[in-house]
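Examining the three-dimensional arrangement
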Amino acid sequence: MNQTALAQTVLLMTGSTGFIGRETVKQLVEKTDIHMLLLVRSEERARTVLESYGVSSFERITFIVGDLSLTGLGLVQADRERIRKANVILHAGGTMDITLGRETANKIFMHGAREIAQLAEDIQDNGGLRHFIHVVGYMSPYGQEGEQQEQTKVKHADSQENAYEEMKFQADGFIRTHAQTHGYPLSVVNPSTVVGPRPTGETEQTGGIGLLIGAVQRGFMPVVPGGSSYWLPLVENDVVAETLVFLTQDETPLGGTYPLLARKEDSPNMKEMLNQITKQLDVPRPAGVLPLSWIQRLMKLGGSRISGIPAQSLAFITDRRFPVQETEVLLKRMGRSWPDIREQLPFIIADLDYRLLPKHEMKAYPDRYTRSRLGNLAMLGWEGEGEPWVIVHGLLQSADDLLPLGSRLRELTGNPVWIVDLAGFGRSPVHQEQDAFNGQVNALVHALAEMPVPIKLVGHSVGAAVAAAALKRSGRTDIRLALLQPAADNGGDARLKQMLRLPRRVGRALLRSRSQQSWTRMFRSGSSRSVDNESIVAGTAQRVHSYLRSPRIAGAHLDLLRWIHLGHTKETGSFWEKYGSFQGLDDEQDQLVVWADRDQEYQFPAALQNGYKKVDVPYGHYFPVFQFEQTAEILVDWAGGTHVNNIS
């Protein structure tokens, strides 16, 4: 590839702040020397969106303020002249909203296509357009059959297809005709339903598979739509971006149509997909199969209003096979093969399940943390220098709740700080073991094995028990352990034990039905009664009430509660006698236990009286959430080997 020619590439791009666009810009910045002209409605917002996504440099980015729905794109003359110097166009703009009305969809897609095509014509007349790359949905019939058949098919779709799909298809046809008329190379990239990239599966675009997951989450998908002959093709957004980046660098593009999806026989069918979703959401499998046409009819007769699922969303489910030979040739040129989506599905499902819960606010929520993955556990945190901290949350929490603590640790030490979601909590998939506690411990052991360096491991509540057991099971001597309000078999709530003896589905239903006000009362009674904490208490109660809307998260909570209060009845000796001491470590130097004496539910484990540096604090059980600054200071003093005074 001619590097001199590529260094002179100027790319005009639409859709740079979208789900696909952000990843594409990030890869273009990291992998190429291409200069980008990004068409955006607001430079300030676009810059913020791209920065928050991890775009680290704007040296080769010029923002062009415009709008696809406006005449002339709303461009000033100076920007129009600047655009004429582009030699590659990447048109990926357009709202991802399958419920768009016809007029709005027409303005965004058809009007936008005409305006972008006019720019392409101007560039071609001004010296040559090397390549036009158009991103359009995989259901578009263009490029897959004879042109005459395609045009007839789209022309007569008005009464059947939703406006969103129809206008995208018509825009596809228009740009194809324009490219042929004016003689510039056109590559059409047809992504299937787009999900988040590896390793996290972070799927911000919730309108595709998210609608299916939301339906299962709320109990509105008791059957398999269409059966095993149907499927929902998926592609990760980093794969789409990698394809687009490759095409922008193609010096002598041939043009073509590239459906971005695997072969049908290599992909999960709808039955397999629904079984995976229900397994991860911890709900019963679908009871049978219902023809897709029947479900669509039920949706149009009022099912959409009841379930909140647009009837149009079912258009993504298909029994079609797609011609992927041209795509496979392109992938071979790129030096890669198609990734198997099955390994990533649990993380996509967990992410969307968490994302689709009712919105909740967090006071003192820190900015610029990174989402990553450790083993099969999702994690949040920050890179840094020196020995990393790994923090394991307790019940009624996710990694998000300990971000203020992690942020303060990062600020005080400069070390890497990572907060993991236990399996089935937050954004982590459920583990597949029958034993709730051992499943959590094994997941953490596997995760820590991916960090083969000295670590400071911090666990709160039942997370302290998981951390201690994982350290014991790993046999590692390079991990220092801090236990914050450790809970295992030291709970004393008799009423809770009675509830936990009920059948699992009943106990989970009771947990999910608890009101936000009752959670507020519980946290308020167990926290220090400082006025400064009132808003944090209320926000925490709101988040817990939201978390438990997820059957996955509620089930993971119930299972660990039952382990704490009922799981040790047949065992001899306490949990902390077995897991609280470690050979090969200098206990007096390396281990810490912090105990809050206002805890109304748990008692201090007597087995931890010796061998641990003990710090007493005048707080309640959830002090790492409510008193995160003080907690961070205690941990930093311990990590530095200095004496820690009890807080009074």
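Up top is the structure these notes are about.
We now turn to the structure provided with this report. This structure is a prediction, so every number in the text was calculated from the model and none was measured. (Residues numbered from 1 in each chain as written. Predicted model: local features only at pLDDT ≥ 70, side-chain atom pairs only at ≥ 80, totals over all residues. Heavy atoms only, no water.)

Details of the overall build of the chain
In terms of helices and strands, the chain carries 25 helices and 19 strands. Looking at the chain as a whole, 58% of its 648 residues are labelled buried. For the chain, contacts bridging at least 24 residues in sequence account for 80% of all contacts bridging at least 6. When the accessible surface of the chain is totalled, it reaches about 26900 Å², and 47% of it is carbon and sulfur. (Helix = DSSP H or I, 4+ residues; strand = E, 2+ residues; numbered from the N terminus. Buried < 20%, exposed > 50% of the residue type's maximum accessible area, 1.4 Å probe, protein only. Contact = heavy atoms within 4.5 Å. Areas by Shrake-Rupley, 256 points an atom, 1.4 Å probe, with all protein chains shown as cover.)

Digging into the nonpolar core
Leu483, Phe523, Trp576 and Leu635 are the most contacted members of the largest nonpolar core, which has 91 residues in total. With nine residues, helix H16 (residues 462-474) is the largest single contributor of residues to this core. Those residues in contact with Leu635 that sit more than four places away from it in its chain are Trp389, Leu405, Leu409, Val458, Ala482, Leu484 and Leu592. Counting residues in hydrophobic clusters, the runner-up holds 35 residues, among them Ile20, Val25, Val189 and Val235. (Core = buried A, V, L, I, M, F, W, Y, C linked by side-chain atoms within 4.5 Å.)

A few points about the packing of aromatic side chains
One pass over the full model with this rule turns up 14 aromatic pairs. The structure contains a cluster of three or more aromatic residues connected by ring pairs, namely Phe437, Trp563, Phe575, Trp576 and Tyr579. Looking at Arg114, its charged tip hangs above the ring of Phe174, at a distance of 5.8 Å from the centre. Taking NZ or CZ as reference, Arg373 lies 3.7 Å from the ring centre of Phe347, over its face. (Phe/Tyr/Trp six-rings, centres within 6.5 Å; stacked < 30°, edge-to-face > 60°. Lys NZ or Arg CZ within 6 Å of the ring centre and 35° of its normal.)

Looking at the pairing of strand S3 (residues 61-65)
Here five bridges tie strand S2 (residues 35-40) to S3, and the two strands are oriented parallel to one another. Bridge assignment links Leu37 to a residue of S3, and that residue is Thr62. (Pairing = 2+ DSSP bridges.)

Digging into the pattern of salt bridges
Under the definition given, this model contains 28 salt bridges. As a salt-bridge pair, Glu242 and Arg336 come within 2.6 Å of each other at their nearest N and O atoms. With a gap of 94 residues between them, Glu242 in helix H9 (residues 237-248) and Arg336 in the loop between helix H12 (325-334) and helix H13 (345-355) connect regions that are remote in the sequence. Residue Arg336 is classed as partly exposed on the basis of its relative accessible area, which comes to 26%. Linked through salt bridges whose partners overlap, the residues forming this network are Arg198, Glu236, Glu343 and Arg373. (Salt bridge = Lys/Arg side-chain N within 4 Å of Asp/Glu carboxyl O.)

A short note on the sheet that holds strand S5 (residues 131-135)
What links the strands of a sheet is backbone hydrogen bonding, and the strands pair in either a parallel or an antiparallel sense. Read across the open sheet, the seven strands follow the order S3-S2-S1-S4-S5-S6-S10; overall the sheet is parallel. Because the sheet does not close on itself, it has two edges, and the strands there are S3 and strand S10 (256-260). The average angle at which neighbouring strand axes cross in this sheet is 15°, direction not considered. Two strands pair when backbone bridges link them, and strand S1 (residues 10-14) and S2 are joined in this way by five bridges, in the parallel orientation. Looking at the pairing, Leu12 lines up with Leu37 of S2. Relative to S5, H9 is tilted by about 165°, and along the sheet it contacts S1, strand S4 (88-91), S5, strand S6 (186-191) and S10. (Axes fitted to C-alpha atoms, helices over the stretch in contact; angles between N-to-C directions.)

Section: the side chain of Asp400
If you trace the backbone, Asp400 turns up in the loop between strand S14 (389-392) and helix H14 (403-413). At 3.1 Å, the side chain of Asp400 and the side chain of Tyr354 are in polar contact. A distance of 2.8 Å separates the side chain of Asp400 from the side chain of Arg427, its partner in a polar contact. (Polar contact = N/O pair within 3.5 Å; in protein donor to acceptor, adjacent residues only side chain to side chain.)

Here we look at helix H2 (residues 19-31)
With 13 residues, H2 extends 19 Å from end C-alpha to end C-alpha; this agrees with the ideal 18 Å at 1.5 Å per step. Within H2, ten of the 13 residues are buried, which leaves it mostly tucked inside the rest of the structure. (Expected span 1.5 Å × (residues − 1).)

Some words on the pairing of strand S18 (residues 592-596)
Most of S18 is tucked away, with five of its five residues classed as buried. Because side chains alternate across S18, one face comprises the buried residues Leu592, Val594 and Ala596, and the other comprises Val593 and Trp595, equally buried. Across three bridges, the pairing between strand S17 (residues 479-484) and S18 is parallel. Counted as the bridge partner of Ala482 is Leu592 from S18. Pairing of S18 with strand S19 (residues 613-617) involves five bridges; the strand directions are parallel. Among the inter-strand pairings, Trp595 is bridged to a residue of S19, identified as Asp616.

Focus: the side chain of Arg371
Residue placement: Arg371 occurs in strand S12 (residues 370-374). Given the relative accessible area of 16%, Arg371 is considered buried. Reaching out from Arg371, the side chain makes a polar contact with the side chain of Asp351 at a distance of 2.5 Å. Sequence-distant contacts of Arg371, defined by excluding residues within four places in its chain, comprise Thr200, Glu202, Asp351, Arg355, Met379, Leu380 and Arg427.

Some thoughts on the environment of Gly94
Inspection of the secondary structure puts Gly94 in the loop between S4 and helix H5 (102-126). When its relative accessible area of 41% is taken as the criterion, Gly94 is described as partly exposed. Other than its neighbours up to four places away in sequence, Gly94 contacts Leu68, Ile108 and Phe109.

Examining the sheet that holds strand S16 (residues 455-460)
Read across the sheet, eight strands follow the order S12-S13-S15-S14-S16-S17-S18-S19 without closing on themselves; strand pairing throughout is mixed. Two strands lie at the open edges of the sheet, namely S12 and S19, each paired on one side alone. Taking each pair of neighbouring strands and ignoring which way they run, the sheet shows an average axis angle of 20°. On the sheet, helix H15 (residues 436-448) packs against S12, strand S13 (377-382), S14, S16 and S17 and is oriented at approximately 50° with respect to S13.

Brief notes about the packing of H14 against helix H25 (residues 628-639)
Contact geometry for H14 and H25: axes closest at 9 Å, N-to-C directions at 45°. As summarised for this structure, H14 and H25 are arranged oblique, according to the angle between their axes. The crossing of H14 and H25 is right-handed. Contact residues: H14 offers Pro404, Leu405, Arg408, Leu409, Leu412 and Thr413, while H25 offers Phe628, Glu629, Thr631, Ala632, Glu633, Leu635 and Val636. (Parallel < 35°, antiparallel > 145°, perpendicular 65-115°, else oblique. Left-handed = near helix turned anticlockwise from the far one by under 90°.)

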